[in-house]
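The lines below spell out each chain.
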Amino acid sequence: MRKSLLYRSNVEYGDFCINHIEGCSNGCKYPCYAMMMKIRYGTIKSYEEWIKPKIVGNALELLEKEIPRHKDKINFVHLCFSTDPFMYRQGEVADLTLKIIERLNRDNIRCTVLTKGVYPKELANIKKYSNENIYGITLVSLDEDFKKSFEPFSAPFENRIKGLKYLHSKGLKTWVSMEPYPTPNLVQQDLLGVLKKISFVDKIIFGKLNYNVRSSQFRGSKEFYQDCASTVIEFCKDNRIEYHIKYGTQKRDNKRTENIFERTTLGPLRLGYKKQPSLSL
Ligand code: SF4
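No experiment lies behind these values; they were computed from the predicted model shown.

The rules behind these values
Residues numbered from 1 in each chain as written. Predicted model: local features only at pLDDT ≥ 70, side-chain atom pairs only at ≥ 80, totals over all residues. Helix = DSSP H or I, 4+ residues; strand = E, 2+ residues; numbered from the N terminus. Rg over C-alpha atoms; globule rule 2.2 N^0.38 Å. Buried ≥ 20, exposed ≤ 12 C-beta atoms within 10 Å, placed from the backbone. Contact = placed C-beta atoms within 7 Å. Pairing = 2+ DSSP bridges. Core = buried A, V, L, I, M, F, W, Y, C linked by C-beta atoms within 7 Å. Expected span 1.5 Å × (residues − 1). Arc of directions from axis to C-beta. Axes fitted to C-alpha atoms, helices over the stretch in contact; angles between N-to-C directions. Parallel < 35°, antiparallel > 145°, perpendicular 65-115°, else oblique. Left-handed = near helix turned anticlockwise from the far one by under 90°. Nonpolar A, V, L, I, M, F, W, Y, C, P; charged D, E, K, R; others polar. Right-handed = clockwise from strand over helix to strand, strands pointing away. pLDDT = per-residue confidence, 0-100.

### Here's the deal with the overall build of the protein chain
Then, number 1: Helix and strand content of the protein chain: 9 helices and 10 strands.
Then, number 2: Over its C-alpha atoms the protein chain spans a radius of gyration of 18 Å, differing by no more than 12% from the 19 Å that the globule rule assigns to 281 residues.
Then, number 3: C-alpha extents for the protein chain along the principal axes are approximately 50 × 45 × 30 Å.
Then, number 4: For the protein chain, buried positions account for 43% of its 281 residues.
Then, number 5: A sequence separation of at least 24 residues applies to 79% of the contacts in the protein chain between residues at least 6 apart.

### With respect to the pairing of strand β6 (residues 110–115)
Then, number 1: Most of β6 is tucked away, with 6 of its 6 residues classed as buried.
Then, number 2: Neither face of β6 is open: one carries R110, T112 and L114, the other C111, V113 and T115, and all of them are buried.
Then, number 3: Of the pairings in the sheet, the one linking strand β5 (residues 76–79) to β6 comprises 4 bridges and is parallel in character. When the sheet's bridge partners are listed, L79 is paired in β6 with V113.

### Things to note about the nonpolar core
Then, number 1: Within the largest apolar cluster, 70 residues are counted, with the highest numbers of intra-cluster contacts made by V77, L139, I204, F206 and V232.
Then, number 2: Counting residues per element, this core draws most heavily on helix α9 (residues 221–238), which supplies 6 residues.
Then, number 3: Those residues within four positions of V232 in sequence are excluded, and the remaining contacts are L195, I204, F206, Y243 and I245.

### Topic: helix α6 (residues 157–169)
Then, number 1: For α6, with 13 residues, the first-to-last C-alpha span of 18 Å sits near the 18 Å given by 1.5 Å per residue.
Then, number 2: Turning to α6, its buried residues number three or more, namely F157, R160, I161, G163, L164 and L167. In a view along the axis of α6, the buried residues occupy a sector of 160°, so they form one face of it. What points out from α6, more than 90 degrees from its buried face, is the exposed set E158 and S169.
Then, number 3: Directly after α6, the chain includes G171, whose backbone phi takes a positive value near 90°.

### Some words on the environment of T249
Then, number 1: Tracing the chain through its elements places T249 in the segment after β10 (242–245).
Then, number 2: A C-alpha to C-alpha distance of 8.1 Å links T249 and F206, two positions 43 residues apart in sequence.
Then, number 3: The residues contacting T249, other than those within four sequence positions of it, are F206, G207, K208, Y225 and A229.

### Concerning the packing of helix α3 (residues 59–70) against helix α4 (residues 91–106)
Two packed helices can be described by the angle between their axes and the distance between those axes.
Then, number 1: Close contact between α3 and α4 brings their axes to 10 Å; oriented N to C, the two are set at 10°. By the angle between their axes, α3 is roughly parallel relative to α4. For α3 against α4, the interelement crossing comes out right-handed. Across the interface between the two elements, A59, L60 and L63 of α3 pack against L96, K99, I100 and R103 of α4.
Then, number 2: Of the residues in the contact of α3 with α4, the class split is 5 nonpolar, no polar and 2 charged.

### Here's the deal with the sheet that holds strand β8 (residues 173–181)
Then, number 1: With respect to topology, 8 strands assemble into an open sheet ordered β1-β2-β5-β6-β7-β8-β9-β10, the strand pairing being mixed. Each of the sheet's edge strands pairs with one partner strand only, and the pair in question is β1 (7–8) and β10.
Then, number 2: As paired strands, strand β9 (residues 203–208) and β10 are joined by 4 bridges and run parallel to one another. Opposite K203, over in β10, you have E242 as the bridge partner.

### Focus: the pairing of β5
Regular strands place their side chains on alternate faces of the sheet.
Then, number 1: Of the two faces of β5, the one lined by F76 and H78 and the one lined by V77 and L79 are each fully buried.
Then, number 2: Summarising the sheet, strand β2 (residues 16–18) and β5 pair through 3 bridges and their orientation is parallel. Paired with F16 across the bridge in β5 is V77.
Then, number 3: In this region the chain leaves β5, passes through α4 and returns to the parallel neighbour β6; the handedness of that crossover is right-handed.

### Notes on the confidence of the model for the protein chain
Then, number 1: When the pLDDT values of the protein chain are averaged, the result is 90; 90% of them are 70 or greater.
Then, number 2: In the model, residues 258–280 has pLDDT below 50 throughout and makes 39 contacts with residues more than four positions away in sequence or in other chains.

### Thoughts on unusual backbone geometry
Then, number 1: Note that the residue after L79, namely C80, is joined by a cis bond; omega there is 0°.
Then, number 2: Locating C80 in the fold gives a position in the loop between β5 and α4.
Then, number 3: Here E179 and P180 are connected by a cis peptide whose omega angle stands at 5°.
Then, number 4: Take P180: it is sitting in strand β8.

So this is what it looks like as structure tokens:
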């Protein structure tokens, strides 16, 4: 049981946030920033505890109380900052997430969603869910061996992409978070090959890997991320995809892309990008 659910945040994807699950079964080892914080503040003791998700039992009751209080101030609600709303093979989590999105949309509150799971097809039902929601996946590789090491219980990359593509095919807005992108000493891969797989999306966010000891040992990471950022920008321009390169990824941050999602194809979208630590989600 929680005392509150909907809160104002500095997360770049929405001005309000909901985390209706404690823990996350994807079990990322980048490491997971959310898990590190929970361990640091004593909320949980271990990785093993983190990967056993617990839903917030009174989430829907709290929403009923909190929506009237906040709805005029909300631009987007982001699901989720410190967990995964569609974590792989967690039916109970997905059911609650769908109810939360439906409830928010009923009051014309739009959602941005980010997952390493597979989107349920029913999100394409625009009688129930707003067609102004924006659905994203995290995708930093296509290498399943890399996935086994770094996000062992998340959805296979192909399934993740397929789920997103389905929503795109139904006219919904989609995006990909390519963050935290690994250095070559963690996985040797072709960035362009990954980008080509997601060329259908409306926007791509690219960011470097922080907090990882092995990654920080990679010599030339500044040059590496600079090259990656250039590849992403060129690809996005060629394919008319919106993009944003996270702060600290390029040698010089480009302020002009900061508010890129305030314009063009994404209609009323107003995502203001603020400087903040990278997320692993
Ligand atoms: S990084 Fe995100 S998806 Fe991975 S375990 Fe943490 S909260 Fe879950």
